[in-house]
Amino acid sequence: MKNGTLITKGNHVELRFERRLAHRPEKVWRALTESQELAHWFPARIEGAREVGAELRFFFAEGEPGKGKISVFDPPRVLEYTWEGDVLRWELKPEGTGCLLIFTTIPADRANVARDATGWHFCLDNLEAAVDGNPASGFDKERFSALNAEYAARFGLGSFPAFMTSEANRVAADALRIPGVEAYAFTGADGTQLLICHAKTDANTEEQWRDVDEYVAVLEGSYVLRINGMDMELGAGREFVIPRGARVSGTFSAGTRTIHAVVGKGLGGA
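Residues numbered from 1 in each chain as written. Predicted model: local features only at pLDDT ≥ 70, side-chain atom pairs only at ≥ 80, totals over all residues. Heavy atoms only, no water.

Novice: Please give an account of the overall build of the protein that cites residues and values.
Specialist: Helix and strand counts for the protein come out as five helices and 18 strands. In terms of overall dimensions, the protein is more spread out than a globule: its C-alpha atoms have a radius of gyration of 23 Å, far above the 18 Å expected for 270 residues. Along the longest, intermediate and shortest principal axes, the C-alpha atoms of the protein span 70 × 35 × 35 Å. The burial tally for the protein puts 44% of its 270 residues in the buried class. A sequence separation of at least 24 residues applies to 56% of the contacts in the protein between residues at least 6 apart. A distance of 2 Å separates the average location of the 31 positive side-chain charges in the protein from that of its 38 negative side-chain charges. (Helix = DSSP H or I, 4+ residues; strand = E, 2+ residues; numbered from the N terminus. Rg over C-alpha atoms; globule rule 2.2 N^0.38 Å. Buried < 20%, exposed > 50% of the residue type's maximum accessible area, 1.4 Å probe, protein only. Contact = heavy atoms within 4.5 Å. Lys, Arg positive; Asp, Glu negative; His and termini not counted. Charge placed at Lys NZ, Arg CZ, Asp CG, Glu CD.)

Novice: Account for unusual backbone geometry, naming residues and giving values.
Specialist: Here the residue pair Pro75 and Pro76 is connected by a cis peptide bond, since its omega of -15° sits within 30 degrees of zero. Topologically, Pro76 is positioned in the loop between strand 5 (66-74) and strand 6 (78-83). A positive phi angle, close to 50°, is found at Glu84, a residue other than glycine. For Glu84, the position within the fold is in the loop between strand 6 and strand 7 (86-95). Of note in the backbone geometry, Asn228 takes a positive phi value of approximately 50° without being a glycine. Within the secondary structure, Asn228 sits in the loop between strand 14 (222-227) and strand 15 (230-235). A relative accessible area of 46% places Asn228 in the partly exposed class.

Novice: Tell me what's going on with the nonpolar core, and back it up with residues and numbers.
Specialist: One finds Trp41, Phe42, Tyr81, Trp90 and Trp120 to be the most contacted residues of the largest nonpolar core, which totals 38 residues. In terms of residue count, helix 3 (residues 113-131) provides more of this core than any other element does, nine residues in total. Each residue touching Trp90, except ones within four places of it in the same chain, is listed here: Leu32, Trp41, Phe42, Arg77, Val78, Leu79, Tyr81, Leu101, Ile102, Phe103, Trp120 and Leu124. Among the nonpolar cores identified, the runner-up in size contains 22 residues, and Val171, Ala183, Cys197 and Leu234 belong to it. (Core = buried A, V, L, I, M, F, W, Y, C linked by side-chain atoms within 4.5 Å.)

Novice: Explain the sheet that holds strand 3 (residues 45-47) residue by residue, including any values.
Specialist: Reading across from one edge, 1-2-8-7-6-5-4-3 is the order of the eight strands in this open sheet, with antiparallel pairing throughout. With one partner strand each, in any of the chains shown, strand 1 (5-9) and strand 3 form the two edges of the open sheet. For this sheet, the mean inter-axis angle between neighbouring strands, taken without regard to orientation, is 25°. Strand direction decides the pairing type here: strand 2 (residues 12-21) and strand 8 (residues 98-106), joined by seven bridges, are antiparallel. Its bridge partner being in strand 8, Leu15 is matched across the sheet by Thr105. Helix 1 (residues 25-33) contacts strand 2, strand 5, strand 6, strand 7 and strand 8 of the sheet and is inclined by roughly 160° relative to strand 7. (Pairing = 2+ DSSP bridges. Axes fitted to C-alpha atoms, helices over the stretch in contact; angles between N-to-C directions.)

Novice: Can you tell me about the packing of aromatic side chains, naming the residues and giving the values?
Specialist: For the structure on display, the rule yields 18 aromatic pairs. Taken together, a centroid distance of 5.5 Å and an interplanar angle of 75° make the contact between Trp41 and Trp90 edge-to-face. A residue pair is termed long-range when its members are at least 10 positions apart, and Trp41 in the loop between helix 2 (35-38) and strand 3 and Trp90 in strand 7 qualify at 49 residues. Trp41 gets classed as buried once you look at its relative accessible area, which sits at 4%. Among the aromatic residues, ring-to-ring pairing joins Phe17, Trp41, Phe42, Phe58, Phe60, Tyr81, Trp83, Trp90, Phe103 and Trp120 into one connected group. Note that Arg45 overlies the ring of Phe59, its terminal NZ or CZ placed 4.6 Å from the centroid. Over the aromatic face of Phe160 sits the side chain of Arg257, whose NZ or CZ is 4.9 Å from the ring centroid. (Phe/Tyr/Trp six-rings, centres within 6.5 Å; stacked < 30°, edge-to-face > 60°. Lys NZ or Arg CZ within 6 Å of the ring centre and 35° of its normal.)

Novice: Explain empty space enclosed by the protein to me, and be specific about the residues and the numbers.
Specialist: According to the stated counting rule, one finds two cavities of 30 Å³ or more in the structure shown. The volume enclosed by the largest cavity comes to roughly 60 Å³. Leu32, Thr33, Leu38, Ile46, Arg50, Leu56, Ile70, Phe73, Leu79 and Tyr81 together form the lining of the largest cavity. For the lining of the largest cavity, the secondary-structure elements that each account for two or more residues are helix 1, strand 5 and strand 6. Taken together, the residues that form the lining of the largest cavity break down as eight nonpolar, one polar and one charged. (1 Å grid on protein atoms, 1.4 Å probe; cavity = no way out; pocket = protein on both sides within 12 Å on 5 of 7 lines; lining within 4 Å. Points joined across faces, edges and corners; volume = space filled by probe spheres on them. Nonpolar A, V, L, I, M, F, W, Y, C, P; charged D, E, K, R; others polar.)

Shown next as structure tokens:
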């Protein structure tokens with residue numbers, strides 16, 4: 001199967017691809033390391049020595065170059081380096097007259113995984129074409145969009161992007177009072193407060209009376225809202241408006257991400 005898979009390992013995720021190629025590891029190794037071969041499939045031009053500890057720079061047609069460093073260089077078996085915080089690892093295992101290519105990457109930002117999976121899928125297609133002696137495929141906008149939608153449906157974002165979760169916006173645990181949930185607050189010009197929440201474990205909110213309306217949207221996972229003694233399970237894509245005067249509590253399943261909008265104090269009294 002050419003599609004990538006997502007594996008959770010501790011506090012990070014690993015994106016993994018496997019491709020069986022009809023060429024010996026030595027030939028594929030050249031495609032992974034030599035500049036003239038990389039130009040056929042890799043998304044950036046790489047400058048830097050090919051040796052352990054070497055600093056790398058990644059150039060696109062525009063913008064500042066990215067930075068990285070080689071951590072493993074074991075021809076023609078294992079190549080590993082970083083690229084702007086992401087770890088990229090290439091392994092080649094002989095299989096008959098060909099080899100198995102295993103590519104894994106540990107993304108610095110979990111929220112980028114579906115996008116990254118789509119991009120690397122296309123890169124690996126072009127790598128396979130290059131070692132077979134075929135021209136790279138041109139960019140197909142419709143195929144890219146369809147493949148990205150497929151990966152997004154399978155993987156989800158998994159977390160909010162890093163720019164939304166700065167420490168400056170984090171809600172203090174003693175203010176939120178929901179163990180296992182991380183929350184970040186943003187306040188509008190009219191005083192409306194937007195909370196984004198990520199449940200790292202199963203978690204429960206204390207029952208409280210709402211003195212303002214509250215908007216809830218579930219982005220991923222499951223949030224069970226108990227309102228006036230009645231349970232309502234809100235899955236991914238569900239929205240709900242909690243009216244003022246309601247008696248509410250809630251239960252997050254681990255991994256759930258939600259958005260809450262209120263005027264003044266809302267979820268957990270934050």
